[in-house]
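Chain residues, written in single-letter form:
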Amino acid sequence: SQQGEEDPQALSIQEGENATMNCSYKTSINNLQWYRQNSGRGLVHLILIRSNEREKHSGRLRVTLDTSKKSSSLLITASRAADTASYFCALAFGGSNYKLTFGKGTLLTVNP
Amino acid sequence: NAGVTQTPKFRVLKTGQSMTLLCAQDMNHEYMYWYRQDPGMGLRLIHYSVGEGTTAKGEVPDGYNVSRLKKQNFLLGLESAAPSQTSVYFCASNNPAPGYTFGSGTRLTVV
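Residues numbered from 1 in each chain as written. Chains lettered and ligands numbered in written order. Predicted model: local features only at pLDDT ≥ 70, side-chain atom pairs only at ≥ 80, totals over all residues. Heavy atoms only, no water.

K.L.:
Describe the overall build of chain B, naming the residues involved and giving the relevant values.
P.N.:
Within chain B, the secondary structure is distributed over zero helices and eleven strands. Overall, chain B shows an N-to-C arrangement of helices and strands of β-β-β-β-β-β-β-β-β-β-β. For a compact globule of 111 residues, the expected C-alpha radius of gyration is about 13 Å, and chain B comes in at 13 Å, within 12% of that figure. On the principal axes, the C-alpha backbone points of chain B span a range of 35 × 25 × 25 Å. Expressed as a percentage of its 111 residues, the buried residues of chain B come to 49%. Restricting the contact set of chain B to residue pairs at least 6 apart, pairs at least 24 apart contribute 53%. Of the roughly 5100 Å² that chain B leaves accessible, carbon and sulfur atoms contribute 53%. Charged side chains of chain B number 10 positive and 7 negative; the gap between the two group centres comes to 7 Å. (Helix = DSSP H or I, 4+ residues; strand = E, 2+ residues; numbered from the N terminus. Rg over C-alpha atoms; globule rule 2.2 N^0.38 Å. Buried < 20%, exposed > 50% of the residue type's maximum accessible area, 1.4 Å probe, protein only. Contact = heavy atoms within 4.5 Å. Areas by Shrake-Rupley, 256 points an atom, 1.4 Å probe, with all protein chains shown as cover. Lys, Arg positive; Asp, Glu negative; His and termini not counted. Charge placed at Lys NZ, Arg CZ, Asp CG, Glu CD.)

Below, the structure is given as structure tokens:
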């Protein structure tokens, strides 16, 4: 499968703690993106990292990419109850940098 | 600025009935996509379009047809609905980078 695989499937933490979720994949990629989905809503784009980048930051989000290990991690620092959502990694690979394949997601629960 | 609007939000169909899901975007995006989301399966690409008048098959196109007659609209049709098509359908668009803008989804149940 060319789908990214998120790990863990579910994560429960306390407010203020950091949350780390990982995405592994099997094929070379053009870019990797992370999305958030609140229950019953559409997905929201969080951050994109290109294959020649190793780390990107956006507010409380930090994404790393290790192309040699074919893996990425999303770190959410100082989590809040409002961060409770499912998080998906999405891969652009092959001749396309726009068509995305989504993983099955990590369900993050932040307890107040 | 509405972004991506999907209609309807909910629908119940009987097996064999047909319907069309409408996706409209007001961002002048070139690329549009239809995904379905099922429990434990993530999102799977049904069809996509890279511009007005173009369509292409995604990962799970069987049982669906699409049309992109106007740049801002992308229609997903089910000619003869089956229970296996019970799902949540999401439309998305982009231009093409940096990321997708998603609609809020259509929850379809086929009985």
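K.L.:
Could you give an account of the interface of chain A and chain B, naming the residues involved and the relevant values?
P.N.:
In many analyses, interface size is given as the accessible surface area lost on bringing the parts together. Facing 17 residues of chain A, the contacting portion of chain B comprises 20 residues. Across the chain A/chain B interface, buried area totals approximately 1500 Å², and carbon plus sulfur atoms make up 59% of it. In this structure, the connection of chain A to chain B is made through zero salt bridges. Joining chain A to chain B, the criterion identifies four residue pairs in polar contact (both at pLDDT 80 or more). The set of elements that each furnish at least two residues to the side of chain A that touches chain B consists of β4 (29-37), β5 (43-50) and β10 (100-102) of chain A. (Buried area = accessible area lost by both parts, 1.4 Å probe. Salt bridge = Lys/Arg side-chain N within 4 Å of Asp/Glu carboxyl O. Polar contact = N/O pair within 3.5 Å; in protein donor to acceptor, adjacent residues only side chain to side chain.)

K.L.:
An account of unusual backbone geometry is requested, with residue identities and associated values reported.
P.N.:
Here the residue pair Asp7(A) and Pro8(A) is connected by a cis peptide bond, since its omega of 0° sits within 30 degrees of zero. Structurally, Pro8(A) can be placed in the loop between β1 (5-7) and β2 (10-14). Thr7(B) connects to Pro8(B) through a cis peptide bond whose omega is -5°. Assignment of secondary structure puts Pro8(B) in the loop between β1 (4-7) and β2 (10-13). One non-glycine residue, Lys70(A), lies in positive phi territory at about 50°. Of note, the phi angle at Asn28(B) is positive, near 60°, even though the residue is not glycine. Following the sequence through the fold, Asn28(B) ends up in the loop between β3 (19-25) and β4 (31-38). Since its relative accessible area comes to 52%, Asn28(B) is described here as exposed.

K.L.:
Any details on the pattern of salt bridges? Residues and values, ideally.
P.N.:
According to the stated counting rule, one finds five salt bridges over all chains in the structure shown. The closest approach of N and O atoms between Arg60(A) and Asp83(A), which form a salt bridge, is 2.9 Å. Within this pair, whereas Arg60(A) is found in the loop between β6 (55-58) and β7 (61-66), its partner Asp83(A) is found in the loop between β8 (71-76) and β9 (85-93), the two being separated by 23 residues in sequence. Two residues, Asp38(B) and Arg44(B), come together in a salt bridge whose shortest N-O distance is 2.9 Å. Accessibility classification places Asp38(B) together with Arg44(B) in one group, the buried group. Salt bridges sharing common partners tie together Arg36(B), Asp38(B) and Arg44(B).

K.L.:
Any details on the state of the cysteines? Residues and values, ideally.
P.N.:
Residue and element names in this part refer to chain A. A complete count under the given rule lists two disulfides over all chains for this structure. Bridging cysteine 23 to cysteine 89, the disulfide has an S-S length of 2.1 Å. Its S-S torsion of approximately 55° makes the covalent link between cysteine 23 and cysteine 89 right-handed. You can see cysteine 23 sitting in strand β3 (residues 19-24) and its partner cysteine 89 sitting in strand β9, a full 66 residues away along the chain. (Disulfide = S-S within 2.5 Å.)

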